[in-house]
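The chain contents come next:
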Amino acid sequence: MIRVIIAGASGWVGKALVAAVHEAPDLALVAGVARSAAGRDAGEVAGIGPIGVKIVPDVDTALAMKADVLVDYTKPNAVKEHALKAIAAGCHVVIGTSGLGAEDYAEIDDAAEGRGVGVIAAGNFSITATLMKRFALEAAKYVPDVEIIDFASAQKPDVPSGTARELAETLSFERQHPTSRPVDELTGIRETRGGAIGLSTPVQVHSVRMPGYLLSCEVLFGLDGERLALRHDAGSSAAPYVGGTLLAVRKVAEKPGLRRGLDSIMD
């Protein structure tokens, strides 16, 4: 039985995960973390009725209950601290929160390697978003010019989304050198060309934040006389993220250190 803590248990994905973990025969929910719902039964908050598991106000309190895996769907400004605390406690970590950068993940990887625990982080745990990433990486072998457009609601606080950021960082290691004119050679307002993301050959990412959008990510490839567009659109349900997250919970202990993307554990 894998003992699980869900940080962000009162959130959109968190509530769906509480129900899924409770129903899974090989998983046991030991605590939920949500400051606003502290003291309440996690099942009641998730809408499935009492399950005898309380929500606690912070990760420190939850980690004192001796869990195997911390699942984090909280906020970008909190997830890194949560992950490092869990690692220090010898607890594996699954990160579904977006907003961390390459330097943050490098620090988490070093800590996890040193402690001998596993971490799996994904900008998007859905199967179809993972397939978009896989297809984009294949296309990048043959098409040098690629850019990403990231769509989300007007209230989403982080730019770009975790899906777009993870995709850009991964593509930067696979893509060829672009034929488009370098941004530093352009005139006018250079910021309109988006942000360059990636450690090797960066990818331009454009974030759109407007009412009417939920979450979408579009990868554009261009050659002379032709173009290819790959797009993932999220629906209004948290269900697509649950299956991938539970797969990560079951596999995170198999290898110490950080693995990024659901594709890193898919056969």
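Residues numbered from 1 in each chain as written. Predicted model: local features only at pLDDT ≥ 70, side-chain atom pairs only at ≥ 80, totals over all residues. Heavy atoms only, no water.

- The protein chain is annotated in an unreviewed UniProt entry as 4-hydroxy-tetrahydrodipicolinate reductase of Chelatococcus composti.
- For the protein chain, the Sequence similarities (unreviewed entry) comment in UniProt is given as "Belongs to the DapB family."
- Quoted verbatim from the Pathway (unreviewed entry) heading of the UniProt record, the comment on the protein chain is "Amino-acid biosynthesis; L-lysine biosynthesis via DAP pathway; (S)-tetrahydrodipicolinate from L-aspartate: step 4/4." (UniProt positions renumbered as here; feature names shortened; annotations may be inferred.)

1. Brief notes about the nonpolar core
For soluble globular proteins, the rule of thumb is that nonpolar side chains tend to be buried together.
And step 1. In this structure, I6, L17, V18, L29, V71, V94 and F125 are the most contacted members of the largest nonpolar core, which totals 36 residues.
And step 2. Listing elements by their share of this core, those giving two or more residues are β1 (2–7), α1 (12–23), β2 (27–33), α2 (42–46), β4 (69–72) and α8 (239–251).
And step 3. Beyond its immediate chain neighbours, meaning those up to four positions away, V94 contacts V69, L70, V71, D72, I120, F125, T245, A248, V249 and V252.
And step 4. L70, A86, I87 and V117 belong to the second largest nonpolar core, which has 25 residues in total. (Core = buried A, V, L, I, M, F, W, Y, C linked by side-chain atoms within 4.5 Å. Buried < 20%, exposed > 50% of the residue type's maximum accessible area, 1.4 Å probe, protein only. Helix = DSSP H or I, 4+ residues; strand = E, 2+ residues; numbered from the N terminus. Contact = heavy atoms within 4.5 Å.)

2. Describing the environment of L131
And step 1. By the element assignment, L131 lies in helix α6 (residues 127–139).
And step 2. L131 sits 132 residues away from D263 along the chain, and the two C-alpha atoms are 8.1 Å apart.

3. Describing the packing of α1 against α8
And step 1. Relative to each other, α1 and α8 sit at 60°, their axes nearing to 10 Å. Considering the angle they form, α1 stands oblique to α8. Relative to α8, the crossing made by α1 is right-handed. Counting all contacts with α1, which are made through W12, V13, A16, L17, A20 and V21, the residues of α8 involved are Y241, V242, T245 and L246.
And step 2. Residue classes in the contact of α1 with α8 are distributed as nine nonpolar, one polar and no charged. (Axes fitted to C-alpha atoms, helices over the stretch in contact; angles between N-to-C directions. Parallel < 35°, antiparallel > 145°, perpendicular 65-115°, else oblique. Left-handed = near helix turned anticlockwise from the far one by under 90°. Nonpolar A, V, L, I, M, F, W, Y, C, P; charged D, E, K, R; others polar.)

4. Some remarks on the side chain of T245
And step 1. Within the secondary structure, T245 sits in helix α8.
And step 2. A residue is classified by how much of its surface remains accessible, and T245, at 1% relative accessible area, is buried.
And step 3. Within the structure, T245 has its side chain in polar contact with the side chain of Y73 (distance 2.8 Å).
And step 4. Those residues in contact with T245, other than ones at most four positions away along the chain, are L17, V71, Y73, V94 and F125. (Polar contact = N/O pair within 3.5 Å; in protein donor to acceptor, adjacent residues only side chain to side chain.)

5. Some details on empty space enclosed by the protein
And step 1. Applying the stated rule across the entire model yields two cavities of 30 Å³ or more.
And step 2. Of the voids in this model, the largest cavity is the one considered here, and its volume is about 70 Å³.
And step 3. Every residue lining the largest cavity is listed: N124, A129, T130, M132, K133, T163, E166, L167, G261 and L262.
And step 4. Taken together, the elements giving at least two residues each to the lining of the largest cavity come down to α6 and α7 (162–174).
And step 5. In terms of residues, the lining of the largest cavity owes the most to one element, α6, which gives four residues.
And step 6. Grouping the amino acids of the lining of the largest cavity by side-chain chemistry returns four nonpolar, four polar and two charged.
And step 7. For the second largest cavity, the calculated volume is near 50 Å³.
And step 8. Forming the walls of the second largest cavity are T97, S98, G99, L100, Y105, A122, G123, G162, R165, E166 and R260.
And step 9. Broken down by element, the residue count for the lining of the second largest cavity peaks at three residues, all from α7.
And step 10. The class makeup of the residues in the lining of the second largest cavity is three nonpolar, five polar and three charged.
And step 11. Counting contributing residues per domain, the lining of the second largest cavity is built from domain 1 (2–121 + 238–265) and domain 2 (127–234), each supplying no fewer than three. (1 Å grid on protein atoms, 1.4 Å probe; cavity = no way out; pocket = protein on both sides within 12 Å on 5 of 7 lines; lining within 4 Å. Points joined across faces, edges and corners; volume = space filled by probe spheres on them. Domains from an automatic or database assignment.)

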